[in-house]
Structure formats: C-alpha cells, structure tokens
Amino acid sequence: MLKIGFIGGGNMATALIGGLAGKLTDGKNIHVIDLNPESLQTLAQRFGVTTALQVDDTLAQCDVVVLAVKPQQMRQVADSLKPFISTQLVLSIAAGIRSADLSRWLGDHQAIVRAMPNTPALIGKGITGMAAMAGVSVEQRAAADAILRAAGATVWLSSEDLIDPVTAVSGSGPAYVFYFMEAMQQAALELGLTAEQGVELAKATFAGAVELAIRSPEPLSLLRERVTSKGGTTYAALTSMENNGIRQHIITAVKAAAARGKELGEEFGKD
C-alpha cells in the first residue's frame with residue numbers, strides 16, 4: 001500500500017490524513033512530522049499514524065512526501081529534507097512556492113506536484129488545482145490525485161502559471177463567500193431581523209443556491225435570470241449592484257489576489 005510522509009500536521013494535513021487513513025492506505029503507512037507534540041499525539045490517536053518531531057529516515061521509505069508547512073518555512077524544510085529524497089513524489093500544498101524553486105532547494109529533484117487546495121477540504125468539500133513537473137510519472141500523478149481527492153475534487157492544470165489564478169478564484173474564494181454572507185447578515189440586521197436570523201438565512205441561501213448550481217446543467221447566468229423578474233425585488237437588488245460596479249469590483253479583486261500570488265512566488269523563490 002502507498003506510504004505517505006507529511007511534513008506539517010496542521011488543519012489541511014489533518015483533513016487529508018482523515019480522508020486517507022483506512023481508505024487509500026492504512027494509518028500505519030502514514031508518517032507525520034511536526035514540531036507540536038500535542039498535534040502529533042492527536043493524529044496518532046485518531047488515525048494510527050506514526051509520528052516524529054523532526055525529519056527522519058522514515059521518509060526515505062515513503063512513496064510520497066506531502067509538504068504542508070507555511071511558505072516561509074519551506075526553504076528550511078527543503079534543506080532538512082534533501083538527504084532523504086531520491087525518487088519519491090514531492091507534493092507541495094504550500095501557497096506561493098514555485099516548483100522550480102522547490103526543485104532547486106531539493107537538489108534538482110524533478111518529481112514535484114504543486115497543489116492549491118482550499119479550506120472546505122476540512123469537511124471533504126474542497127477543490128484543488130494541481131500542476132505536475134515533467135519528471136512526475138503517470139503513477140505518481142495518479143497518487144497525487146488520489147491524495148488530494150481525499151479532501152474533495154481536483155483540477156489538473158496545463159501549466160503551473162495557472163496556479164496563481166486558481167489561488168485567486170478557489171484558494172481565496174471561501175473568504176469572498178463569507179464576506180458576502182457577512183454583508184447579507186448586516187443588511188438583514190439593518191432591516192429589522194436579528195443577527196441570528198440574518199446568518200441563518202444567509203447560510204441556507206448560499207447552501208441551497210450552490211447545490212442548485214451543482215445539480216443543474218444550465219449556465220449560472222440562466223439560473224440568475226430565473227430568479228429575476230423585471231421590475232421585481234431581485235431586479236432592484238441586481239440593478240443596484242450593476243450600477244455600483246459590483247461585478248467589476250469582484251473581478252478586479254480576484255485579479256489582485258492572482259497578482260499577489262505571483263509576487264509571493266517571486267519573493268519566496270529568492271535565494
């Protein structure tokens with residue numbers, strides 16, 4: 001069975017391990033390294049994984065090494081990992097770290113997949129954009145896909161350059177949704193409803209609308225039009241949004257996120 005090493009045992013790593021242990025592989029085939037002994041104890045108790053406080057030679061026997069650390073820690077982690085990496089697949093879910101830089105830090109290692117999951121992965125409802133270096137085999141690509149599918153859907157990209165747009169759309173996307181829901185809750189409050197009623201209405205509306213969009217083969221524009229009777233309440237709201245340039249503001253904001261992602265890659269990749 002697949003042997004997987006995790007560098008980092010935080011929320012995203014825990015979500016992946018929870019989807020993998022006992023399904024794609026046994027918990028005993030998962031080795032987790034983290035500086036927090038309490039996190040390691042919890043993971044060991046919940047999923048039966050093995051653990052260590054620092055990088056060790058167990059990683060040399062792993063088929064896949066998942067890097068789930070903060071971007072600013074990656075250079076140091078790569079240096080400590082380098083002696084234990086030979087032919088394994090390295091799967092990075094760290095934001096802003098380009099594969100070429102990681103490859104260089106690992107001594108020109110070529111079997112690297114860069115992935116950008118999002119926080120709904122914590123409940124198995126995430127979506128991950130993925131890009132593979134040329135040195136990744138068909139089997140390794142399949143392994144990377146299986147690991148990330150433990151937390152939701154996957155989308156393979158033709159070029160790593162598209163990771164920044166994915167980061168902007170889906171990686172940061174949950175925050176946009178929560179922001180919109182907060183605004184709906186505030187509007188509800190100002191219109192006389194309680195804060196609790198406002199958030200309940202916002203959550204249920206988003207959940208229902210998203211499920212409708214998932215199940216329907218029709219384009220989003222048509223689904224929107226079906227709720228919008230000319231001269232009605234929805235029409236008044238959407239007209240107000242259009243007149244205030246809300247659509248363009250959203251597009252501009254997502255592009256700003258993509259631009260920042262590119263900047264971070266350049267910053268983190270400096271030697």
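It should be emphasised that the depicted structure is a prediction, and the values quoted were computed from it without experimental measurement.

K.L.:
Help me out: how do you make sense of the overall build of the protein in this one?
P.N.:
A count of helical and extended segments in the protein gives 11 helices and 8 strands. Each principal axis of the C-alpha distribution contributes one length, and for the protein these read about 70 × 40 × 30 Å. Every one of the 271 residues in the protein was classed for burial, and the buried ones make up 38%. Considering the protein, the positive charge centre built from 23 side chains and the negative charge centre built from 26 side chains are found 4 Å apart.

K.L.:
Which parts of the structure should I look at to understand the packing of aromatic side chains?
P.N.:
For any two aromatic rings, the description comes down to two numbers: the centre-to-centre distance and the angle of the planes. Applying the stated criterion across every chain, the model contains 1 aromatic pair. Where Phe 180 meets Phe 206, the ring centres are 5.8 Å apart and the plane angle is 70°; that geometry is what we call edge-to-face. Taken together, the residues span a long stretch of sequence, with Phe 180 in helix H7 (residues 173-190) and Phe 206 in helix H8 (residues 195-215) at a distance of 26 residues. Residue Phe 206 is classed as partly exposed on the basis of its relative accessible area of 21%. Its guanidinium or amino end placed over the ring of Trp 156, Arg 141 lies 4.0 Å from that ring's centre, counting from NZ or CZ.

K.L.:
Explain the nonpolar core to me, please; I cannot follow it from the model alone.
P.N.:
Proteins that are soluble and globular tend to have nonpolar side chains buried together. By size, the foremost hydrophobic cluster in this structure holds 29 residues, and its most contacted members are Phe 6, Ile 17, Ile 30, Val 32, Val 64 and Leu 91. Elements that contribute at least two residues to this core include exactly strand E1 (4-7), helix H1 (11-20), strand E2 (30-33), helix H2 (37-47), strand E4 (64-67), strand E5 (89-92), strand E6 (112-116) and helix H5 (138-149). Among all residues touching Ile 17, those that are not within four sequence positions of it are Phe 6, Ile 30, Val 32, Leu 43, Phe 47 and Val 49. Ranked by size, the runner-up nonpolar core spans 22 residues in total, among them Ile 7, Val 55, Leu 67 and Val 90.

K.L.:
Sorry if this is basic, but what is going on with the layout of surface pockets here?
P.N.:
Rolling a probe over the atoms, with the probe sized like a water molecule, indicates the empty space that remains. For the second largest pocket, the calculated volume is near 900 Å³. For the second largest pocket, the lining is made up of 32 residues, of which Gly 8, Ala 68, Val 69, Lys 70 and Gln 73 are closest to its centre. Among the secondary structure elements, those contributing two or more residues to the lining of the second largest pocket are H1, helix H3 (74-81) and helix H6 (163-171). Per-class residue counts for the lining of the second largest pocket are 18 nonpolar, 12 polar and 2 charged.

K.L.:
Please clarify how the pattern of salt bridges should be interpreted in this entry.
P.N.:
Scanning the entire structure with this criterion turns up 10 salt bridges. One salt bridge in this structure joins Glu 211 and Arg 215, with 2.9 Å as the shortest N-O distance. Of this pair, Glu 211 and Arg 215 both sit in helix H8, 4 residues apart, which is roughly one turn of that helix. Salt bridges sharing partners connect three or more residues here, namely Arg 98, Asp 101 and Arg 104.

K.L.:
Got a minute to help me understand the sheet that holds strand E8 (residues 152-156) in this structure?
P.N.:
In a beta sheet, neighbouring strands pair by backbone hydrogen bonds and run either parallel or antiparallel. Within the open sheet, the 8 strands sit side by side as E3-E2-E1-E4-E5-E6-E7-E8. Their pairing is mixed. Of all the strands in the sheet, the pair left with one neighbour each is strand E3 (50-52) and E8. Strand-to-strand twist across the sheet, computed as the mean angle between neighbouring axes with direction ignored, equals 20°. Relative to E8, strand E7 (residues 126-132) is paired through 5 bridges, and the arrangement is parallel. Looking at the pairing, Ile 127 lines up with Ala 153 of E8. Sitting on the sheet, H5 touches E1, E4, E5, E6, E7 and E8, and the angle it makes with E8 is about 145°. Seen against the sheet, H6 touches E6 and E7 and runs at an angle of roughly 30° to E6.

Reading the values: the criteria
Positions within a chain are numbered from 1, following the residues in the order the chain's sequence is written. Residue-level local features of this predicted model are given only where pLDDT is at least 70; pairs of side-chain atoms are given and counted only at 80 or more, and the full residue set underlies all totals for whole chains, interfaces and linings. Note that water and hydrogens are dropped before the side-chain values are worked out from all heavy atoms of the structure. A run of H or I in DSSP becomes a helix once it reaches four residues, and a run of E becomes a strand once it reaches two; helices and strands are each numbered from the N terminus. The buried label applies to any residue whose accessible area, calculated with a 1.4 Å probe on protein chains only, is under 20% of its type's maximum; exposed applies above 50%, and partly exposed to all values in between. Working convention for charge: Lys and Arg count positive, Asp and Glu count negative, and His plus the chain ends are omitted. To locate a charge, the coordinates of NZ of Lys, CZ of Arg, CG of Asp or CD of Glu are taken. Put simply, two rings from Phe, Tyr or Trp (the six-membered ring, in Trp's case) pair if the centres are within 6.5 Å, and we call them stacked under 30 degrees between planes, edge-to-face over 60, tilted for the rest. Our definition puts a charge over a ring when NZ of Lys or CZ of Arg is within 6 Å of the ring centre and also within 35 degrees of the ring normal. Residues enter a nonpolar core if they are buried and are Ala, Val, Leu, Ile, Met, Phe, Trp, Tyr or Cys, with the set joined through side-chain atoms within 4.5 Å. Contacts were defined at the residue level, with two residues in contact if any of their heavy atoms lie within 4.5 Å. Any residue with an atom within 4 Å of a point lines the site, the site being either a cavity, points on a 1 Å grid over the protein atoms alone where a 1.4 Å probe fits but cannot get out, or a pocket, an open set with protein on both sides within 12 Å along at least 5 of 7 lines. Grid points are joined across faces, edges and corners, and a volume is the space filled by probe spheres set on the points. Any residue outside Ala, Val, Leu, Ile, Met, Phe, Trp, Tyr, Cys, Pro, Asp, Glu, Lys and Arg is labelled polar, Gly included; the first ten of those are nonpolar and the last four are charged. In the sections that follow, a salt bridge refers to a side-chain nitrogen of Lys or Arg positioned within 4 Å of a carboxyl oxygen of Asp or Glu. At least two DSSP bridges between two strands are needed for those strands to be called paired. Note on definitions: angles span 0 to 180 degrees between N-to-C directions of axes, and those axes are lines fitted to C-alpha atoms, for helices only across the stretch in contact.

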